[in-house]
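# Examining the three-dimensional arrangement
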Amino acid sequence: MTITKLHQQDDASSPLPSESTPLVSTKASTTTSNNDDKRLPLFQFLEAQTPNGLHYESFTILLILLSVLTFILGSLFLPQYNTNSNIAYKCGPTCDAIFFGNYPDNDLQSLGIGATSLIEIFIVGVFTIDYLLRFYTADMIHVKYTGTKGRIKFLFSFFSLVDLASTVPFYVDSFLLPNTDLAASNFLRMFRLLRMLKMEGRYDLALGMIDDVLYEQRGVLGTALFVGMTVWGVLSSFFYLAERKNSDMIYCLDYWCEDVDTSVCTMDEFGFVDCTEAGCPPPGDDAGQEVCWNVYQSIVLSSFWTLMELFGEFPLVDQHSMWGKVLGTITAVFACAVFALPVGIFASGFEAQIAARRRKDGEGGGSSPMIVKEGGGGGVEGDETEWEIVDVVGDISTTRGIVYNFLHLQNSTSAKMFEMCMNVLIVFSSLTFMLSTMDLSTKWQLLLGWFQFASVAVFTFEYLLYMYSAGENPKFRGRGLLVYATSFYRAVDLVSILPYWLTFFSWLFVGGSLTPGSVFLLFRLMRFEKYTKAFTSFDDVLRDNLDVLAMTGFSALLLWIFFSSLLYLTERDSLDEDMANYYKSVPHSMWITLLNLSGECPLAHYSGFGKIIVGFIGVFATAIFGVPIGLLGAGFEELVTEEEEDENVESSDVANAASSTPSSATGAGLQTACYQFVNGIGSKSATRFELSIYALIVATVIIGVVQTVPGYESFFSWLEWVAVGVFTIEYVLRFIGCGADPEFSGLSFKRIRYILSFYSIIDLLAIVPFYIALATPTSWVDRHDEYFRMLRLLRLLKLDKYIPSITLVDDVVRLKRNVLTVSCFAALTLWVIFAGLMYIAEFQDSSMEIDPLPLYGCVDGCTMSDRFSDYFNSFPLTGIHLTGDFPMVEYGGMGRVVLFFIVIAAVGVTSIPSGVIASGFAEIVQSKTKKGPITKDSAAGDDWFDIKYRELEGQSPPSSSFGPTVDRLQFAVKQYMDGAVDERTGATVRTPISIIGRLFFMLLIVSNIVAVVLESIPEIDKYVGNEPGNMFDVFEKWSLTIDITSALCQHPDYALRLFSAKKSREALFSPWVYAFTFFGIVDILSILPWYVQWILSKSGSINGDEAKVFRIFRIFRVLQLEDFVVAFSKLDNVFRASKDVLKATGLMAVVIWVGSSALFFIFEQDNPNFRSCDASVPLTGKLDTPGCYDFESTQECNDFYPDMCSQSAFTNMPNTMFYVAVFLGGDWGFVDFTWPGKLVCMFLCVAGIALYSIPVGTLFDSFGAVIGLGEEDEEEDEETTRM
C-alpha cells in the first residue's frame, strides 16, 4: 500500500475545532516560521512527511493490526471458555509467551509482570516511545500546545487519549497490579485501531462529518430523541404492567436448572420468583444470586426488552401475555416508526454531508478522490461490447472471425437462436441443480446428473469459443486477453463451470459429491445481466462512492471489531449456556455482533453491561454501520433516474391516469339512480348508505377475527346476517346500476363485464359462501365454514373503491418499472444464488442442536441440516435473511461466512425495491390530490388551528368582559406562564419568578418519573421491608407528598392556563381551544390518575397492588416536558402532512396485514412444529398409541389426550395478527412453516414487507419537513449568539 500525504503547515490563524470543523485536525501549526528548529526532521518523520516517515507509518499500521489480531486470535486459546474446541489446547507456554500472553505462568513468568507476551511488550514499547516523541513535538502540531499549559491540553486531545488508553493499562497491569487479572487492559488494545484513522488521513471525514451532522441536525435530532425516549419510557412502563405477573416471562439460568416448567413457579409480594417446585435452588442460595426472575419484574428491566421491540426485534415473541401482545402490536405497527426517527435522521444527515462536501469540491475545482470511469461504461463488459460493435468486425475469411461475429456481434438469425437456446439451458441447468438436492429415486438422480454434465460441457465449450475468438479484437490480444478473461461475463462463465469440473474430477478419482460444485451453476443466471445492466449499475455506484465507502466502511469495521471485543469480555462468563457459547471467543462474538450492528438482536439474555452495550449499538452504532449500505441504495436509485427522465412523458401519462377522476354517470332512469345511490351521490340517504357500508365492512372484519377465538364462535353472529343482507342489496343495486357506471360506458355486455370485474368478484366471494352453507347444511362448504368465514376479510378490499390503494400498485409499477426491473432482477438473482450457497453450507451441518421439527421428519436431535434438507427449503429461509432478519443463528462456520455477505446484500440490494415503491406511491397519491411534495418551506400538515394561528398574527387579544383589572391579571399570568417576547430580538424573556417556577415544575415532573421507576424495583422493596415506620413507609410518604404537591401545583397550573388563554395566541384566545390542545389534554392526563386513585383508595375499591397501577400512570407526566421541548404537539402536523399517502398506503398495509394473518392462521394453526404436549405424551407413537406429532390437528390430539396438547402460535386470528405484525416489521419469530405458509412468507419477503413499510417512510419524510421548519432560523440565531 502506498500512502501519500501532503505536507501541511499551519500558521497561528488556523481555525480551532468547532461545530463546523472536525473535532480533531491533521493540520499542523508550527511555532516557528523557519527551518532552524532541530525538531523539525523528527516532527516530519512522525507525521509521515518524509520517505522514511512513510515507511514508519506503514510499520506502525502493521503493529496495530498485529496487536489487534493477537488479541482476537488469543481468545481462541482459552480452554476455560472454548471447552469443546481442540484448538484451545494447541498453544503452550512458549507459544503464549510469544504471541498472546493469556496466562501469567507462561515462559515470561520470570519477568514478574503478569500475563503478557513478547509481541505486546515490543508493541507497547514502540508506541510509548512514539507517544513521548509526539509529546515532545506537540507545539509543532499546533501553537495551542506550546508551553506547560499547552502540553496539558495535548494530554487531553483525542489521539493523545487514544495513545494513553492503549499503553498506560499495560504498565498498570504489569508493574502496579501484576498479580491481578485485568482482562480489560488487553481489550484496550482495540483503541489502537483509532490511530489508523489518523494515519489514513480519513479522521476528518469520519469524526468531523459525524460532528457536523450532529451539529447541523441538532434541532431535529433533539426533537426526535425526545419523542423516542418518551415513547420508550411510556411503553416500558406499560409492558411492565402487562408482563410482571406473566409466568411465561420467567427466566432461569441454565447453570442452575434446565427445562424449567415456569407455570409452577411463584412470585412473592416483592416480585421475586421462586422456582423450587420446578427443581431450581431457592431464591438467595448460591451466594445470594437470583436463579430465576421475571424479565419484566421492574421498569428498569422492562426498558431493555422494550428497547429491543422498538428496534423491531421481538426475542420473546411467543411468550407475551394477551395485553403484552396488544402492546407488542402497537409497538410493531406505530411505535417502531417513531423510535426509528433519530437513526434515520442521522443517516440522512450523514448522506447530506457527503453530498455537500462533493459539491464544495466541485465548485472549488478540486479533484475528487473518486475513481472516474473512462468512456462512461458501467463495467468492462459493457465497454467491451461497445468497442466490438463500433470498431471491430471479424474477418469472415477466418474461422476465428466467423466465431467472433457469431458470438460477439450476433449478426445473424442463427446467432440469436443460439443465444436463446443458451438462455434456456441456463434456466434448466439451474432447475436441475435445485431438483437434484431433493430426495428423489436413483433413476431421477442419474438423469439429473447426466443433464448437469451435458450442460456444463456445453457451457465450457461456449466459454472456450469466447476466449478463442476474443483475439479478433486487437484490444484483447496479448495481455488484453487477461483483461477480457476477467470481464464480468467471462468471470461469470468461469465461476459457473470451474468448480463443477474440480468436484467432478475429485468425485471421479477420490469419491464424494458433485453437489458443492453444481451450486455454482446458479451464478450463470447473472448472464441475464445483459438485458437489465443491474450488476454493472452497482459497479458504477461502487466506483462513484468509492471514497466515501472506504471511509464509512472502515469506520463500520472499527465498530464491528470494537463492540465484538467488548461483548466478548462482558458475556464470556455468562451463566446462560447459549450466551457463553456465542461469546466464548472474539471470532464467535463477531458473528452475533455483526447481526447487532445490522439492527438485529437474536440473543437477548445479556448481562447488565451487555444490555447497555447492545442498547447503545441499537441506538447509535447501527446508524453509522448502515451508512455504507444506505449509500449504495441511494446511489443506485440516483443512477437509474436518468433512464426515468428519458421517459417522463410516459410517466406523466401514468400519473395523470392515476389522478383522473371518473366521469359522471351515464344512462338514465333506474340505472342512474342505483349507481348514484350505492356511490353516495345525489342525496343524504345515499351518503348514509355508503357510510353504513364502511361501518359494516369494518365491523364484520373485526367480528370475523374475534370469532376465531375459542368460546367466541358466535360473537355477534346476528350482525353477519344483517351484513350479508345489506351487501346483497348493495350488489343487486350495483348490478342494476352498472349500465350507468362510467367504467363500463361505451362497452357491450356491460353486466357480464361487471360480474367479471375485480370488485364484483370480491363482493361475490364475501356473500356467496354464506348462502351455500345456508342452503346445504351438510355440504362440504358448511363443514369447512371456519375457512370460508375468512373470506369475509376480503371485504376490506371493497374499501379500495373509496380509498384507492391496491389498485394503485399497477400504476406504481408502471411508473417505476425501470428501477424496479433492474433492482428486482438483482435481488432475485442474489436470492437464488444465496439460497444455493446456504444449502451447500448447511445441508450437512450437525454442529448445533435445534428444536424438534416433526413436519420435516425430525423429532429429536434436530440440527440445521434438517432445516436445509434441500434447495427448496433453503429458499424461503434465505429470503427471510435477505430482508435483514436473522431469527436463526445456529449456523456453522461456512454458513456464517455466507451470511456475512447476505448482511451486506440484504440492506443494500433487497431494500432498494421497497424505497422505489414507496417513492412511487408518494408521487401517484400526490398527483391524485394535486399536491406537491412537502418541503421545509411549506406549511406542512397545517390544519384549521395552524391557519387560524397565522391569521391572528399581529392581532390584539380580546378584552375581558369583566373589565381591565381581569385583563391585567390575564396578561400577568400569561407572562408568568409563557414569558414575554422581546420585540427587538424575538427571544422569549422570563422573570426570575417565572424561571424558578419552570425549574420547580420540571423538578416535579422528573421526581415523579423517578418515583415510578424506583417503585417498580423489587430489590428496593425488599431492602426496605414492610415493618411500620421503615424506609419503605418513608419512601411511600415522600412519593405521596410528591403526588399531592404535583396535583396541587399542577391543578392551579391548569386553571391558570385556562384563565390566561384569552390572552394566548397559542390557544387562539379561547379557553375551550386550550382545553383540547395537546397541552390541555396532557395536563388533564397528568393529574387525573391521582384523583382516581385517591377516590378508589378512600372507598376501599382497590388494594395496594392495584393502586400501584395508577401510580405507574404518572409516567404520562413526562409529556409535560413538551413545555420545554416541542415535539408531540408537532406530531399531529406530521400525520396531517402525510394523510393522503397514509390513507392509501395505510389501507393497503391493513389489507396485507389482515390477509396474511388469515392465510397464516389457516395454514399454520395445526403445524406440528409449533405443537407441544405434556411430558407423559410420547412424541411419536406406536401401533394403537399415537404420539403428539402424529395427529393432523391439535384438536384431535386433545381429543385423544385431554388438555395435554397445545399450540404455541397461530391459534386464533388475534394471536396470529400479533405475529404477522411482527413479521411485517421485519422480525421473523417463527420460520418453520408448512409449504403453504412458506409461500405466504415468501410473498411477504418479496412484496409484503416493502408495501407495509411505505407508511413508515412517509412519516419519516413528513417528520423531517414539519419539525425542520424552524431549524434554519435556529442555526442563524445560534451563529449570531456565538459571534
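What counts and how
Residues numbered from 1 in each chain as written. Predicted model: local features only at pLDDT ≥ 70, side-chain atom pairs only at ≥ 80, totals over all residues. Heavy atoms only, no water. Helix = DSSP H or I, 4+ residues; strand = E, 2+ residues; numbered from the N terminus. Buried < 20%, exposed > 50% of the residue type's maximum accessible area, 1.4 Å probe, protein only. Contact = heavy atoms within 4.5 Å. Areas by Shrake-Rupley, 256 points an atom, 1.4 Å probe, with all protein chains shown as cover. Phe/Tyr/Trp six-rings, centres within 6.5 Å; stacked < 30°, edge-to-face > 60°. Polar contact = N/O pair within 3.5 Å; in protein donor to acceptor, adjacent residues only side chain to side chain. Salt bridge = Lys/Arg side-chain N within 4 Å of Asp/Glu carboxyl O. Axes fitted to C-alpha atoms, helices over the stretch in contact; angles between N-to-C directions. Parallel < 35°, antiparallel > 145°, perpendicular 65-115°, else oblique. Left-handed = near helix turned anticlockwise from the far one by under 90°. Core = buried A, V, L, I, M, F, W, Y, C linked by side-chain atoms within 4.5 Å.

## Some words on the overall build of the chain
- Check the secondary structure of the chain and you find 57 helices and 8 strands.
- A burial count over the chain gives 50% of its 1283 residues as buried.
- Within the chain, contacts between residues at least 6 apart in sequence are counted, and of these 72% link residues at least 24 apart.
- When the accessible surface of the chain is totalled, it reaches about 60,400 Å², and 64% of it is carbon and sulfur.

## Looking at the packing of aromatic side chains
- Applying the stated criterion across every chain, the model contains 64 aromatic pairs.
- A centroid spacing of 4.6 Å and a plane angle of 15° characterise the contact between Phe1223 and Trp1228, whose relative ring orientation is stacked. Taken individually, Phe1223 and Trp1228 each receive the classification buried, so the pair is uniform in this respect.
- Put simply, the rings of Phe314, Phe1160, Phe1170, Phe1210, Phe1218, Tyr1219, Phe1223, Trp1228, Phe1230 and Phe1233 pair up and form one aromatic cluster.

## Things to note about the side chain of Glu472
- Mapped onto the elements, Glu472 comes out in the loop between α19 (442-470) and α20 (480-485).
- We classify Glu472 as buried; its relative accessible area is 11%.
- Here Asp395 takes part through its backbone nitrogen, which lies 2.9 Å from a polar atom of the side chain of Glu472.
- In this structure, Glu472 is in contact with Val392, Gly394, Asp395, Thr398, Arg400, Gly401, Tyr404 and Arg477, ignoring residues within four places of it in sequence.

## What to know about the pattern of salt bridges
- Within the structure shown, the criterion is met by 14 salt bridges.
- Arg134 is the salt-bridge partner of Glu47, the closest N and O atoms lying 3.2 Å from each other. Of the two residues, Glu47 is situated in the loop between α1 (40-46) and α2 (51-74) and Arg134 in helix α4 (residues 118-136); the sequence distance between them amounts to 87 residues. The residues Glu47 and Arg134 share a single accessibility class, namely buried.
- Taking the shortest distance from any N to any O, the salt bridge between Glu462 and Arg524 comes out at 2.5 Å. Of this pair, Glu462 sits in helix α19 while Arg524 sits in the loop between α22 (515-518) and α23 (529-532); the two residues are 62 residues apart in sequence, bridging distant segments of the chain.

## Some details on the packing of helix α33 (residues 717-737) against helix α35 (residues 758-775)
- Two elements in contact, α33 and α35, have axes whose closest approach is 10 Å; the angle formed by their N-to-C orientations is 130°. Judged by the angle between their axes, α33 and α35 are oblique. Where α33 crosses over α35, the handedness of that crossing is left-handed. Facing Glu720, Trp721, Val724, Phe727, Thr728, Tyr731 and Arg734 of α33, the residues of α35 in contact are Ser760, Asp763, Leu764, Ile767, Phe770, Tyr771 and Leu774.

## Details of the nonpolar core
- Counting residues in hydrophobic clusters, the biggest one holds 209 residues, and the most contacted among them are Tyr606, Phe1160, Phe1210, Phe1223, Trp1228, Phe1230 and Phe1233.
- Looking at this core element by element, the count peaks at 15 residues for helix α39 (residues 817-842).
- Those residues in contact with Tyr606, other than ones at most four positions away along the chain, are Phe304, Leu567, Glu571, Met579, Tyr583, Ile592, Asn596, Cys601, Lys611 and Val614.
- Within the second largest apolar cluster, 10 residues are counted, among which are Ile250, Cys252, Val260 and Val291.

So far we have only geometry, and geometry alone does not tell us how the molecule works.
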